[in-house]
Amino acid sequence: MEGALTARDRVGVQDLVLLEAHTSETALLDNLRKRFHENLIYTYIGTLLVSLNPYKELDTYSKKHMDTYMGVNFFELPPHIYALADNVFRTMLSEFNNHFILISGESGAGKTETSKKVLQYYAVSCPNTSLLDNVRDRLLLSNPVLEAFGNAKTLKNDNSSRFGKYMDIQFDHQGGAVGGHILSYLLEKSRVVHQNHGERNFHIFYQLVAGGDDELLRWLGLERNCQNYSYLVQGDCAKVTSINDKSNWKIVRSALSIIEFSEKDVEQLFAIIASVLHLGNVKFATDALGYAVLKNVPELHWLSTLLGIPSQVLQQGLTHKKIEAKMEEVYSPFAVDHALYARDALAKAIYGRTFNWLVNKVNESLANKDSSRKTVIGLLDIYGFEVFHVNSFEQFCINYCNEKLQQLFIQLTLKSEQEEYQMEGIEWEPVPYFNNKIICDLVEEKHRGIISVLDEECLRPGEATDLTFLEKLEEKMGGHPHFVTHKLADQKTRKTMQRGDFRLLHYAGEVTYCVVGFLDKNNDLLYRNVKEVMRQSKNTIIKHCFPYTEPDSKKRPETVVTQFKGSLAGLTDVLMSKEPWYVRCIKPNDGRFDDVLVRHQVKYLGLMEHLRVRRAGFAYRRKYDIFLARYKPLCPSTWPKWKGSASEGVLCLVKHLGYKPNEYKMGRTKIFIRHPKTLFATEDAFELCKHDLATRIQAKYKGYRAKGDYLKQREAATKIENCWRGMMARKERDKRAWAVKVIKRFIKGFMMRNQPACSDNTEYLAFVRQNYLTRLKGNLPKTLLDKNSWPTPPPIMQEVRGTLPFYLRFYYTSMVLRNSLLVVEDSQIYAEDGIDELQFKALTSSMFKGKKENYPFSVCQPFQDTRISNPHHRLTPLTPSPWQPSGSLQYSVPLVKYDRNGFRPRLRQLILTQAAVYLVEEAKIKQRIDFNSLKGVSVSNLSDNFLIVHVVYDETKQKGDLILQCDYLFEALTKLSHIGNKESCIKVVQGSVRFDIQPGREGFIDFKSGQESMIYRSKNGHLMVVRMNGESHHSSCTPIRRGISKLIDSPVSQESTRTRSR
Ligand SMILES: Nc1ncnc2c1ncn2[C@@H]1O[C@H](COP(=O)(O)OP(=O)(O)OP(=O)(O)O)[C@@H](O)[C@H]1O
Ligand SMILES: [Mg+2]
């Protein structure tokens, strides 16, 4: 990874930790210089970002760049402020804790620009909703407002922050920016009344004068000329080409509306700004007694109008001081210089307090009212270390602040790093570094520090001056290695100092302070009666800034430096509770790379120490549980759950990942990883593994779903199976019940075999007869003469014992005669009882044997001449009809006739006479067919009982063929063929039979075998006759009934339907 990182760098190394000569300051400088000349202004030391001010616009801050850095590992891309911002953001989201980015560097090094870049990055990269957009706009626009009121042009920076700013950006658990909070530190109020040459007052004054519209200026009593206001011209550079006050005014004006300043607030705010300018123009003259009197009444008028305070009250406040003596209050007049001092103090107080009000107002607008837990990223943009030609109280405070921040930096990184190693029981070679605690103590130590001495001098009674303060310092600090005064210095040093100076050897270098003004500035006195005057103001902001609740000052208020010390302590506490990230800004000197300047900054920013620690120590450390929770999917033993302690889990994990022993150390509570490359390899593996994990979770879920589906299907299958088995069992039960019935009938028939034929034994006797005849068929005597080898008939057939040989002889003879086409002349000799029937049976056999399936069952059924009890009698009433059957009645049988069109079944009787076939319904002849007009009869080869009678077309009657179904099919057809001599007309066909519905219109009947006997009209319009496989002749009536029942809606049909469904 390190090699890869170097390869990625176009110039030098992008992480100073990777420098070969990491102990050499020169090598570090060379690296920075090389990169700076290639516009590579960012370089890392581990996770610390070093940023050089390019003093020109670079094209590396576009949206495209932001997208490039979004979600990418810290070291994967060239160093950038976006990489750091992104890393802080992602760490905050994944660990759900608070962070801060400490941006430090000297004035003009680019701290404010850097913090703006971070804010812009979050504004673009965080998830957005319309609500969050609102917050984001306010966060972004709070900057120009605060800069207008808190920044000014200095000799070092045209937009120098004259206050310290710490801004918390609050995020919800999804990373949306939901709010913010700003803390401001020590505004440089003295700038309101005094600016050094080449410097300006706060931007807002110039912006108002240059940009405010005419009406506003008129209302404020201002003229569009900065030269008219003494507070704006002291630096003699009210107009600067690099600053466009007019356009900045527009930005500020619209920003104020967006961050919810009401029009009234804005009016009052500008009234205050204008009143400060008017106050600066207030002049005093000396009266006869030598006291100050107000010279220019118009200014007083504007002050009175804008602040809403009566002129006399104002005048009194500006020229008198209230003294409380015992029980009474006395107003003592000021001398002119005293009055000027009181005026400036009031101007500073008004501006300073208004600035605080402004910050609070911005905070109200940024506040997030939702109480759910949030994480924050703090941005600390605070004035950098300052060394001017003449350094005063402000520089003392600013540099003290930088000492404190350096101390924090030392505590959090160098010192805490070493201490952490010790605490964790990891071997550590101490890195020598300069601990600036000694300087912090020199400044702030209770009772002994410079601040204590200063406060003492400010508060003590008697004549305290800046010089007495210096003497006290010399008295107390004399001999301190970091403190020197003109008096205490050696010969050589003395030459570089004035008598009223003291010099501090800061961690960043020596700074000589001039004590003049220290006491005044520290006191920041505002006379009590002036405060009372301000409380009378009608301006709501002023009212708010000078509240009645303010503790009245019999007891003196805290001095400026003590307040500052307190707020710095607060800031230190805030920062100590968060995870630190650092940006060190360096000012290389207006576009050039000034080696001396940069070397100096490298030194006081502590970069070398930081680098040494980074190289000596470990680049990354994490608590075992956090490390394990993140990376446990990388090892099968730790995933999904590690049962042992977190440290054992981490050890198991790193062994599995193949960490070499010198790459990591196991501390007491944390793992320490030496090189970033090791961590990045792990992180890369984790990124890959995430997809694998997602697939596994997906697979598990899919499996779970599929299992659910399978169980449902299985349950359904079981239910279907149960129903099926139930149905089969019921079928089986019915079959058995039927079998029992058959067996019972058989047994009953057997028991009653010797009794006269009755319904109970008919079937049995038929069976016995058939059985005997079947046996007989195979055992017939071979010759007609053999009378002895006849099988013995059963007792019920004893009567055939004598006749059978006759039958046989007749049969043989008739067969011989048939074959030789001879007429049997003496056939009448056989015309005894039973001979006709045998003839008929022989005829049936010749027509159907081997051709129609149910023929064998008909063999044992004796033929009869009629199947209707008294056909003659029934026909008698119809005799007058021209259809009366002519000739003697030969045969009659009931049957079912099907309509040719709709196949509706109707019960009919068939009557055969010598001449014709009649179809009769009850007593009415429905149709007569002469044998001459009978073309033929078709039957199927299956075991159904259908016959189709084809007739010759008769024009008068217009009737077609007949579709009939007859239970005594073989008997009827045999009789028909015998009586009408139609044997050759009877055809056994397979499959379908064509018939004439009427001449020229044909229909079809399809025959087939199936699971169940059925007769129905199929979709193609054919009559479909399905005959159940193996259905016996004995049940032959059932299909007829069933067919009828299916087609006519009779009670029988319901019963049979039930039977079938069972
Ligand atoms: N990254 C950058 N790109 C372009 N210009 C920059 C960059 N950083 C700083 N500058 C330039 O440097 C100037 C000074 O920067 P900035 O105001 O941020 O300094 P600072 O460290 O905040 O100083 P101070 O302590 O006085 O407030 C800016 O006005 C801008 O012109
Ligand atoms: Mg700044």
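Bear in mind the structure is a predicted one, so any value in this text is a computation, not a measurement.

On to the sheet that holds strand β3 (residues 99-105). Spatial strand order, β1-β2-β16-β3-β12-β6-β7: seven strands in an open sheet with mixed pairing. Both edges of this open sheet fall to β1 (42-45) and β7 (177-185), since each of them pairs with a single strand only. Taking each pair of neighbouring strands and ignoring which way they run, the sheet shows an average axis angle of 20 degrees. When β1 meets strand β2 (residues 48-52), the two strands line up antiparallel, connected through four bridges. Paired with Tyr-44 across the two strands is Leu-49, which belongs to β2.

This paragraph deals with the environment of Gly-280. Topologically, Gly-280 is positioned in helix α11 (residues 263-281). Owing to a relative accessible area of 0%, Gly-280 belongs among the buried residues under this scheme. Note: C-alpha distance between Gly-280 and Leu-232 (48 residues apart in sequence) is 8.9 Å. Setting aside anything within four residues of it in sequence, one finds Gly-280 in contact with Ser-230, Tyr-231 and Arg-343.

Two elements in contact, helix α12 (residues 297-307) and helix α13 (residues 311-319), have axes whose closest approach is 9 Å; the angle formed by their N-to-C orientations is 110 degrees. When the axis of α12 is compared with that of α13, the two are roughly perpendicular. Crossing angle aside, the handedness with which α12 passes α13 is right-handed. Contacts between α12 and α13 pair Leu-300, Leu-303 and Ser-304 from the former with Ser-311, Leu-314 and Gln-315 from the latter.

Here the focus is the coordination of the magnesium ion (ligand 2). For the magnesium ion (ligand 2), the full set of protein donor atoms is Thr-112 (OG1) and Ser-161 (OG), at a range of 1.9 to 2.2 Å. One end of the pair, Thr-112, is in helix α5 (residues 111-125); the other, Ser-161, is in strand β5 (residues 160-161), and 49 residues separate them in sequence. Its relative accessible area of 11% is what places Ser-161 among the buried residues.

Time to look at helix α17 (residues 450-459). Within α17, eight of the 10 residues are buried, leaving the element largely enclosed by the surrounding structure. Along α17, the residues that are buried comprise Ile-450, Ile-451, Ser-452, Val-453, Leu-454, Asp-455, Glu-457 and Cys-458.

Now for the environment of Phe-74. Mapping Phe-74 onto the fold places it in the loop between α3 (63-69) and α4 (81-95). The exposure class assigned to Phe-74 is buried, which follows from its relative accessible area of 2%. Sequence separation of Phe-74 and Leu-84 is 10 residues, and the distance between their C-alpha atoms is 6.9 Å. Once residues lying within four places of it in the same chain are set aside, the contact partners of Phe-74 are Tyr-44, Gly-46, Thr-47, Ala-83, Leu-84 and Asn-87.

On to the UniProt feature "binding site: ATP" (unreviewed entry) in the chain, then. Mapped onto the present numbering, the UniProt feature "binding site: ATP" (unreviewed entry) falls on Gly-105, Glu-106, Ser-107, Gly-108, Ala-109, Gly-110, Lys-111 and Thr-112. Looking at the secondary structure, you find Gly-108 in the loop between β3 and α5. Setting aside residues no more than four positions away along its own chain, Gly-108 makes contact with Asn-53, Tyr-55, Lys-156, Asn-157 and Lys-587. Summarising the element assignment, Ala-109 is placed in the loop between β3 and α5. Owing to a relative accessible area of 2%, Ala-109 belongs among the buried residues under this scheme. In this structure, Ala-109 is in contact with Asn-53, Cys-585, Ile-586 and Lys-587, ignoring residues within four places of it in sequence.

Attention now goes to the pairing of β2. By the criterion of burial, β2 is predominantly enclosed, with five of the five residues buried. The alternating pattern of β2 places Leu-48, Val-50 and Leu-52 and Leu-49 and Ser-51 on opposite faces, both of which are buried. Here β1 hands over to β2 after two residues, with Gly-46 in that stretch at a positive phi of 65 degrees. Note: β2 against strand β16 (residues 579-586), four bridges, orientation parallel.

Let's shift gears to the site of ligand 1. Around ligand 1 lies a shell of 17 residues, among which Ser-107, Gly-108, Lys-111, Thr-112 and Ser-160 are the nearest. At 2.7 Å, a side-chain N or O of Asn-53 approaches an oxygen atom of ligand 1. At 2.9 Å from an oxygen atom of ligand 1 is found a main-chain nitrogen or oxygen belonging to Glu-113. The dominant element in the shell around ligand 1, judged by the number of residues it contributes, is α5, at three residues. For the shell around ligand 1, the class distribution of residues is three nonpolar, 10 polar and four charged.

Moving on, we get to a nonpolar patch on the surface. On the surface, a cluster of nonpolar side chains totalling about 590 Å² of accessible area is made up of Ile-743, Phe-746, Ile-747, Phe-750, Met-751 and Phe-767. A per-element tally of the nonpolar patch places helix α28 (residues 676-751) first, with five residues. As for its placement among the helices and strands, Ile-743 is situated in helix α28. Note on Ile-743: relative accessible area 49%, which makes it partly exposed.

Moving on, we come to α5. An ideal rise of 1.5 Å per residue puts 21 Å on 15 residues; α5 measures up with 21 Å between its terminal C-alpha atoms. Counting buried residues in α5 gives 12 out of 15 residues, a clear majority hidden from the surface.

Before going further, it helps to spend a moment on the packing of aromatic side chains. Inspection of every chain in the model, using the stated rule, returns 37 aromatic pairs. Geometrically, the ring pair formed by Tyr-421 and Phe-672 is edge-to-face, given 5.2 Å between the ring centres and 80 degrees between the ring planes. Of this pair, Tyr-421 sits in helix α15 (residues 393-423) while Phe-672 sits in strand β19 (residues 670-673), and the two are 251 residues apart along the sequence. For the ring pair Phe-502 and Phe-518, a centre distance of 5.8 Å and an interplane angle of 75 degrees mean the geometry is edge-to-face. Residue Phe-502 is found in strand β14 (residues 501-506), and its partner Phe-518 is found in helix α20 (residues 518-523); the two are separated by 16 residues along the sequence. For the pair Phe-502 and Phe-518, a shared accessibility class is recorded, and that class is buried. Among the aromatic side chains, those forming a connected cluster through ring pairs are Phe-393, Phe-396, Phe-469, Phe-483, Phe-502, Tyr-513 and Phe-518. Against the face of Tyr-206 rests Arg-200, its NZ or CZ located 3.9 Å from the ring centre. The ring of Phe-409 carries the charged tip of Arg-584 above its face, separated from the ring centre by 3.9 Å.

Reading the values: rules and limits
Residues numbered from 1 in each chain as written. Chains lettered and ligands numbered in written order. Predicted model: local features only at pLDDT ≥ 70, side-chain atom pairs only at ≥ 80, totals over all residues. Heavy atoms only, no water. Pairing = 2+ DSSP bridges. Helix = DSSP H or I, 4+ residues; strand = E, 2+ residues; numbered from the N terminus. Axes fitted to C-alpha atoms, helices over the stretch in contact; angles between N-to-C directions. Buried < 20%, exposed > 50% of the residue type's maximum accessible area, 1.4 Å probe, protein only. Contact = heavy atoms within 4.5 Å. Parallel < 35°, antiparallel > 145°, perpendicular 65-115°, else oblique. Left-handed = near helix turned anticlockwise from the far one by under 90°. Donors = N, O, S within 2.8 Å, 3.2 Å for Na, K, Ca; no water. UniProt positions renumbered as here; feature names shortened; annotations may be inferred. Near = heavy atom within 4 Å. Polar contact = N/O pair within 3.5 Å; in protein donor to acceptor, adjacent residues only side chain to side chain. Nonpolar A, V, L, I, M, F, W, Y, C, P; charged D, E, K, R; others polar. Patch = residues over 30% accessible without salt bridge, like charges linked within 9 Å, V, L, I, M, F, W, Y side chains within 5 Å. Areas by Shrake-Rupley, 256 points an atom, 1.4 Å probe, with all protein chains shown as cover. Salt bridge = Lys/Arg side-chain N within 4 Å of Asp/Glu carboxyl O. Expected span 1.5 Å × (residues − 1). Phe/Tyr/Trp six-rings, centres within 6.5 Å; stacked < 30°, edge-to-face > 60°. Lys NZ or Arg CZ within 6 Å of the ring centre and 35° of its normal.

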